[in-house]
Amino acid sequence: MRYLAIGDIHGYYSGLLQALDRANYDPLNDKLIQIGDLTDGFDSCVEVIEFFMNTEHKVMLRGNHDEYARQYFAEPSHINREYWEKLGGKSTIIEFERKGIVPGTEKFAQILQFLTEQQLAYLHDDRLLCVHAGLGSHQNVHSVDDDSLLYLDRSMWQNALYYNQFLPNDYEAIFIGHTALFKLNENHPTSADASPVKRGNIWNLDIGAGWGGRVTVMDIERINYWQSDFGPYSPR
């Protein structure tokens, strides 16, 4: 069985399917580890969620955007809607309403339960850690005392970029998303500008999907990876 980590998707459903096709994904013999951020971006978040709901061999990790969506749909008063909308939440709200997925419907309840059940981290073979954002200054996931750090932290990746060396932690490799490596601008990038980046023992798989970038799939044991084409851009 291969263990395939998937970076941020942000509603880029066709990119997800394309990257998995290029990886020769086998639903019976591959396990998908989605690193978080299914929502808030392009307008196919529902299709992305339904794909994983119907996938048997999977691990779903919580991204900050998934948590914003979960909070909004579970208890709207607990989230700053204006802030979330600026981060892409507006497109998610519009998509759910347009597709009739509203409180009181069976599909709404199913998706809310799915988002609620996302894990915070996944440890493979006691040596390969998958987490959406980072560990902050902690050396292992068990010492993190604030769950939100695991889907909000940027300091671990920023320190890895700054020092460009192995940072003290208990893992052979860490696979993250959260901090996009690719930002759409006036100059269309080449493939070399939008590929996974390793600093120290940390791999960043967020290539800006849903915001003009690519969905990335990586075999975490063999460090092979496959990517979609550049996708549509969803203005915030």
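Here, every reference points to the structure presented above.
Computed from a predicted structure; not experimentally measured.

**A few points about the sheet that holds strand β8 (residues 202-204)**
Then comes step 1: Strand order in this open sheet of five strands is β4-β5-β6-β8-β7, and the pairing throughout is mixed. Of all strands in the sheet, those with a lone pairing partner are β4 (121-124) and β7 (197-199), marking the two edges. In this sheet, neighbouring strand axes are inclined to one another by 20° on average, regardless of whether the strands run parallel or antiparallel.
Then comes step 2: By the bridge criterion, three bridges tie β7 to β8 in an arrangement that is antiparallel. By the bridge assignment, Val197 is partnered in β8 with Asn204.

**Here's the deal with the pairing of β4**
Then comes step 1: Only one face of β4 is buried: it carries Tyr122 and His124, and the other face, with Ala121 and Leu123, is open.
Then comes step 2: Both β4 and strand β5 (residues 128-131) contribute to a ladder of four bridges, which runs antiparallel. Bridge pairing links Ala121 to Val131 in β5.
Then comes step 3: Taken together, β4 and the strand that follows it, β5, pair antiparallel across an intervening segment of three residues, in which Asp125 is found at a positive phi of about 60°.

**Concerning the packing of helix α3 (residues 64-74) against helix α4 (residues 81-98)**
Then comes step 1: For the pair α3 and α4, the least separation of the axes is 10 Å and the interaxial angle reads 70°. The orientation of α3 with respect to α4, classified from their angle, is roughly perpendicular. For the pair α3 and α4, contact is made by His65, Tyr68, Ala69, Tyr72 and Phe73 and by Arg81, Tyr83, Trp84, Leu87, Thr92, Ile93 and Phe96, respectively.

**Remarks on helix α1 (residues 13-22)**
Every α-helical turn comprises 3.6 residues, leaving residues that sit three or four positions apart pointing alike.
Then comes step 1: Along α1, the residues classified as buried are Gly15, Leu16, Ala19 and Leu20. Buried residues along α1 cover an arc of 130° about the axis, so they all sit on one side.
Then comes step 2: Of the surrounding secondary structure, the elements contacted by the buried residues of α1 are β1 (2-6), β2 (30-34), α2 (45-53), β9 (216-219) and β10 (224-227).
Then comes step 3: Just downstream of α1, Asn24 is the residue with a positive phi angle, here 55°.

**Notes on the nonpolar core**
The tendency in soluble globular proteins is for nonpolar side chains to be buried side by side.
Then comes step 1: With 35 residues, the main nonpolar core has Ile6, Ile9 and Phe52 as its most contacted residues.
Then comes step 2: Those elements that place two or more of their residues in this core are β1, α1, α2, α3, α4 and α5 (106-116).
Then comes step 3: Excluding residues within four positions of it along the chain, Phe52 makes contact with Ile6, Ile9, Leu16, Leu32, Gln34, Leu38, Lys58, Met60 and Phe114.
Then comes step 4: Among the nonpolar cores identified, the runner-up in size contains 15 residues, and Ala5, Val59, Leu61 and Trp203 belong to it.

**Topic: the pattern of salt bridges**
When their charged atoms lie close together, side chains carrying opposite charge are able to pair.
Then comes step 1: Applying the stated criterion across every chain, the model contains 12 salt bridges.
Then comes step 2: Between Asp30 and Arg2 there is a salt bridge, with its nearest N and O atoms 2.8 Å apart. Here Arg2 lies in strand β1 and Asp30 lies in strand β2, a separation of 28 residues in the sequence.
Then comes step 3: For Asp30, a relative accessible area of 3% corresponds to the buried category.

**Details of the pairing of β5**
Then comes step 1: Residue alternation in β5 divides its side chains into two sets, Leu128 and Cys130 and Leu129 and Val131, and both sets are buried.
Then comes step 2: Both β5 and strand β6 (residues 173-176) contribute to a ladder of three bridges, which runs parallel. Bridging across to β6, Leu129 finds its partner in Ile174.

**Quick notes on α5**
Then comes step 1: Here α5 has its buried residues at Phe108, Ile111, Leu112, Phe114 and Leu115. Looking straight down α5, one finds that the buried residues subtend no more than 160° of arc, so they occupy a single side.
Then comes step 2: Looking at the packing, one finds that the buried side of α5 touches α2, β3 (58-60), α3 and α4.

**Let's talk about the environment of Gly210**
Then comes step 1: Note on placement: Gly210 falls in the loop between β8 and β9.
Then comes step 2: In sequence terms Gly210 and Tyr163 are 47 residues apart; their C-alpha atoms lie 29 Å from each other.

**Some remarks on unusual backbone geometry**
Then comes step 1: A positive phi angle, close to 65°, is found at Asp40, a residue other than glycine.
Then comes step 2: Turning to its location among the elements, Asp40 is positioned in the loop between β2 and α2.
Then comes step 3: A positive phi angle is found at Asp126, which is not glycine, with a value near 60°.
Then comes step 4: By the element assignment, Asp126 lies in the loop between β4 and β5.

Rules and cut-offs
- Residues numbered from 1 in each chain as written.
- Predicted model: local features only at pLDDT ≥ 70, side-chain atom pairs only at ≥ 80, totals over all residues.
- Heavy atoms only, no water.
- Pairing = 2+ DSSP bridges.
- Helix = DSSP H or I, 4+ residues; strand = E, 2+ residues; numbered from the N terminus.
- Axes fitted to C-alpha atoms, helices over the stretch in contact; angles between N-to-C directions.
- Buried < 20%, exposed > 50% of the residue type's maximum accessible area, 1.4 Å probe, protein only.
- Parallel < 35°, antiparallel > 145°, perpendicular 65-115°, else oblique.
- Contact = heavy atoms within 4.5 Å.
- Arc of directions from axis to C-beta.
- Core = buried A, V, L, I, M, F, W, Y, C linked by side-chain atoms within 4.5 Å.
- Salt bridge = Lys/Arg side-chain N within 4 Å of Asp/Glu carboxyl O.

As far as function goes, none of this settles anything; it's purely spatial.
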